[in-house]
Amino acid sequence: MFPSRPFPVRFSPLPSRALAACLLGGLLGTVSPAQAEEAASNQRWVSDSLNTYVRSGPTDGYRIVGTLTSGEKVELLRTQGDYSQVRSESGNTVWIPSRDLQSVPGQAERLPQLEQKVADLTAELKGIDDAWKARVQGMQETLDSRKQLIEELQAARSALDAELTSTRSQLRDAQAQLGNEQQQVLMRYMVYGGSIAGAGLLLGLILPTMLRVRRKRNDQWV
């Protein structure tokens, strides 16, 4: 048997911290093992579920020499049967059931890291929320400016439509007036042409008669 060494009996002095660790138990399940702090191969932690008794040897027949606080960090020296020999942070070497050891830090040790992670995530979420609010505000301002521009364009289009309608009406009036003037000009040309034709016809009828009369007179004088 290993010689027994004095080992002080210790109990957890921070029940409130253990309670906080229990409250964050659900969060612990979401933490990836790859993200936890990697421990050296010979480091172990006392299970979070209890304050375990430790003995002076590797079987239940050895006397109890104290307890280790749940979550306490110890150094694994060797394993024999169902027990493991560990060295506590105070330097005492004792035996503890191997089932009461775990290879990852306990909740009490991880609690500050988790609290810091929660704080970081909260700050990150707040930053995302602020950025999203700023983006939404910018989009709203852009939407308002575009809406105002659309209203201005619609008003300008309505004015142009009214002006186009007025211009078309004036064009129709001008075309009608031009048609009337063309008809009047055509009538004048027709009257003028008819007058010339009539005068020519009359001259054609009168001129031979006048020539015959003149010849007769000339004949009489001779």
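Preceding this paragraph is the structure being described.
Enquirer: Where do I start with the overall build of the protein chain in this structure?
Expert: Assigned secondary structure in the protein chain consists of three helices and seven strands. Secondary structure elements in the protein chain, listed N-terminal to C-terminal, are α-α-β-β-β-β-β-β-β-α. Of the contacts made within the protein chain by residues no fewer than 6 positions apart, 59% connect residues no fewer than 24 positions apart. About 16700 Å² of surface is accessible on the protein chain, with carbon and sulfur atoms providing 58% of the total.

Enquirer: Got a minute to help me understand the side chain of Ser84 in this structure?
Expert: Relative to the elements of secondary structure, Ser84 occurs in strand E5 (residues 83–88). For Ser84, a relative accessible area of 3% translates into the label buried. One polar contact links Ser84 to Thr79, side chain to side chain, over a distance of 3.3 Å. The residues contacting Ser84, other than those within four sequence positions of it, are Leu76, Arg78, Thr79, Val94, Trp95, Ile96, Ser98 and Leu101.

Enquirer: Looking at this structure, how should I read a nonpolar patch on the surface?
Expert: Together, Leu201, Leu202, Leu205, Ile206 and Met210 make up a nonpolar patch on the protein surface, roughly 520 Å² of accessible area in all. You can see Ile206 is positioned in helix H3 (residues 107–221).

Enquirer: So what exactly am I meant to see when it comes to the environment of Thr52 here?
Expert: Structurally, Thr52 can be placed in strand E2 (residues 52–55). Separated by 45 residues in the primary sequence, Thr52 and Pro97 have C-alpha atoms spaced 8.5 Å apart.

Enquirer: Would you mind showing me how to read the pattern of salt bridges here?
Expert: Pairs can form between side chains of opposite charge once their charged atoms are near each other. Considering all chains together, one arrives at four salt bridges under this definition. Across the salt bridge formed by Lys133 and Asp129, the nearest N and O atoms sit 3.3 Å from each other. Residue Lys133 and its partner Asp129 are both found in helix H3; the two are separated by four residues, about one turn of the helix. For Lys133, a relative accessible area of 51% puts it in the exposed group. Accessibility expressed as a relative area gives 35% for Asp129, which makes it partly exposed. A salt bridge links Asp161 to Arg157; the shortest N-O distance between them is 4.0 Å. Residue Asp161 and its partner Arg157 are both found in helix H3; the two are separated by four residues, about one turn of the helix.

Enquirer: Help me understand the nonpolar core in this model?
Expert: In globular proteins that are soluble, nonpolar side chains generally tend to be buried together. Within the largest apolar cluster, nine residues are counted, these being Val54, Val65, Leu68, Val74, Leu76, Val86, Val94, Ile96 and Leu101. The set of elements that each furnish at least two residues to this core consists of strand E3 (64–68), strand E4 (73–80) and strand E6 (93–97). Setting aside anything within four residues of it in sequence, one finds Leu76 in contact with Asn42, Arg44, Ser84, Gln85, Val86 and Leu101.

Analysis parameters
Residues numbered from 1 in each chain as written. Predicted model: local features only at pLDDT ≥ 70, side-chain atom pairs only at ≥ 80, totals over all residues. Heavy atoms only, no water. Helix = DSSP H or I, 4+ residues; strand = E, 2+ residues; numbered from the N terminus. Contact = heavy atoms within 4.5 Å. Areas by Shrake-Rupley, 256 points an atom, 1.4 Å probe, with all protein chains shown as cover. Buried < 20%, exposed > 50% of the residue type's maximum accessible area, 1.4 Å probe, protein only. Polar contact = N/O pair within 3.5 Å; in protein donor to acceptor, adjacent residues only side chain to side chain. Patch = residues over 30% accessible without salt bridge, like charges linked within 9 Å, V, L, I, M, F, W, Y side chains within 5 Å. Salt bridge = Lys/Arg side-chain N within 4 Å of Asp/Glu carboxyl O. Core = buried A, V, L, I, M, F, W, Y, C linked by side-chain atoms within 4.5 Å.

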